[in-house]
Amino acid sequence: MGMGHFYALIGAAIAILLSGVGSAIGVGRAGQAASALMSKDPTKFGNAMVLQLLPSSQGLYGFVVAFIMLVKLNVLGGPVADVTVQQGIALLCLCLPIAIVGFVSAITQGMVVVSGINLLGKQEKQVGHAILFAVMVEIFAIFALIVSLLGVLLLPIGA
């Protein structure tokens, strides 16, 4: 494995790390709000849990991009693919959309979810609207996932 692999693997690590950290922050903040709601009304657990889970998807998206890259590079088994420095840098750059957008959108979605959980505490019938508001933030993470995933899949590797 050469420098091309090094750059590609750095991209995979950044995709997982940033999107995962953003998800952990978003889910953590939502969990705090859900716990506060549960102290007042434990019957709202199910709806609060659905809302809390929403920011976790960005971490999953980063994992998927990194895993696909590892498969493409044959790092998980078989002969390791030849990757030039330029291809490695390109793969690193292709991981940045899901890394950066995943990080920011997970944190932002967590903030929206906190507001949704607060809404749930006052008007339980508005849970659908609270979920919809949080999903609107998710759309940008999905766009970033598509860009990163298609880029990694379509970039030719080898000499």
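Just above, that's the structure.
What counts and how
Throughout, a residue's number is its position along its own chain's written sequence, starting from 1. Residues qualify for local features only when their pLDDT is at least 70, as the model is predicted, and side-chain atom pairs are given and counted only at 80 or more; totals for whole chains, interfaces and linings, by contrast, use all residues. Side-chain numbers come from the whole structure's heavy atoms, not from hydrogens or water. We count a stretch as a helix when DSSP gives it H or I for four or more residues in a row; a strand needs E for two or more, and each element gets its number in order from the N terminus. Whether two residues touch is decided by their heavy atoms; if any such pair falls within 4.5 Å, the residues are in contact. The accessible surface values rely on the Shrake-Rupley method and a 1.4 Å probe; as for residues, cover is taken only from the protein chains in view. We treat Lys and Arg as the positive residues and Asp and Glu as the negative residues; His and chain ends play no part in the count. We put the charge of a Lys on NZ, of an Arg on CZ, of an Asp on CG and of a Glu on CD. How far a helix is expected to stretch is found by multiplying one less than its residue total by 1.5 Å. Fitting axes to the seven residues that end at a residue and to the seven that start at it, the angle between those axes gives the bend at that residue. Think of it in three bands: with a 1.4 Å probe and only protein chains considered, a residue is buried below 20% of the maximum accessible area for its type, exposed above 50%, and partly exposed in between. Take the buried residues of types Ala, Val, Leu, Ile, Met, Phe, Trp, Tyr and Cys, join any two whose side-chain atoms come within 4.5 Å, and each joined set is a nonpolar core. For helices, the axis comes from a line fit to the C-alpha atoms of the stretch in contact; other axes are also lines fit to C-alpha atoms, and the angle between any two N-to-C directions lies between 0 and 180 degrees. Should an angle lie under 35 degrees it is considered roughly parallel, over 145 roughly antiparallel, and from 65 to 115 roughly perpendicular; all remaining angles are considered oblique. Ten residues, namely Ala, Val, Leu, Ile, Met, Phe, Trp, Tyr, Cys and Pro, are considered nonpolar, four, namely Asp, Glu, Lys and Arg, are considered charged, and the remaining ones, Gly among them, are considered polar. Only the six-membered ring of Trp is used, alongside the rings of Phe and Tyr, when aromatic pairs are assigned; centres must lie within 6.5 Å, and planes under 30 degrees apart are stacked while those over 60 apart are edge-to-face, with the rest tilted.

(A) Looking closely at the overall build of the protein chain. Scanning the protein chain from N- to C-terminus turns up five helices and zero strands. Helices and strands in the protein chain line up, N terminus first, as α-α-α-α-α. The long-range share in the protein chain, meaning contacts at least 24 apart out of those at least 6 apart in sequence, stands at 87%. As displayed, the protein chain offers around 8100 Å² of accessible surface, 75% of which is attributable to carbon and sulfur atoms. Put simply, the protein chain has 6 plus and 4 minus side-chain charges, and the middle of one group is 12 Å from the middle of the other.

(B) Inspection of the side chain of K44 at higher detail. The residue K44 is located in the loop between α1 (3–40) and α2 (45–53) in this model. Among residues more than four places away in sequence, those in contact with K44 are L37, M38, L120, G121 and E124.

(C) A look at helix α5 (residues 127–154). Look at α5: 40 Å from first C-alpha to last across 28 residues, which is about the 40 Å you get at 1.5 Å a residue. If you look at α5, its biggest bend is around 30°, right at V137. Taken as a whole, α5 has its buried residues at V127, A130, A134, V137, E138, A141, A144, L145, S148, G151 and V152.

(D) Just the environment of Y7, in detail. Within the secondary structure layout, Y7 lies in helix α1. Remark: the alpha-carbon pair of Y7 and N118, spanning 111 residues in sequence, is separated by 43 Å.

(E) Layout of the nonpolar core. In terms of nonpolar packing, the biggest core is built from 16 residues, with V65, M69, L73, L91 and I98 touching the most fellow members. Among the secondary structure elements, those contributing two or more residues to this core are α1, α3 (57–72), α4 (85–122) and α5. Other than its neighbours up to four places away in sequence, M69 contacts A8, A12, L91, C95 and V152. By size, the runner-up hydrophobic cluster in this structure holds 13 residues, among which are L51, L54, L120 and A134.

(F) Just the packing of α3 against α5, in detail. α5 packs onto α3 with a crossing angle of 0° between their chain directions and a minimal axis gap of 10 Å. By the angle class used here, α3 and α5 are roughly parallel. Here α3 contributes S57, Q58, Y61, V64, V65, I68, M69 and K72 to the contact with α5, which in turn contributes E138, A141, I142, L145, S148, L149, V152, L153 and L154. For the contact of α3 with α5, the residue count by class is 12 nonpolar, three polar and two charged.

(G) Expanded view of the packing of aromatic side chains. Applying the stated rule across the entire model yields three aromatic pairs. Where F140 meets F143, the ring centres are 6.1 Å apart and the plane angle is 90°; that geometry is what we call edge-to-face. A residue pair is termed a helical-turn pair when its members lie 3 or 4 positions apart in one helix, as F140 and F143 do in helix α5 at three residues. F143 gets classed as partly exposed once you look at its relative accessible area, which sits at 48%.

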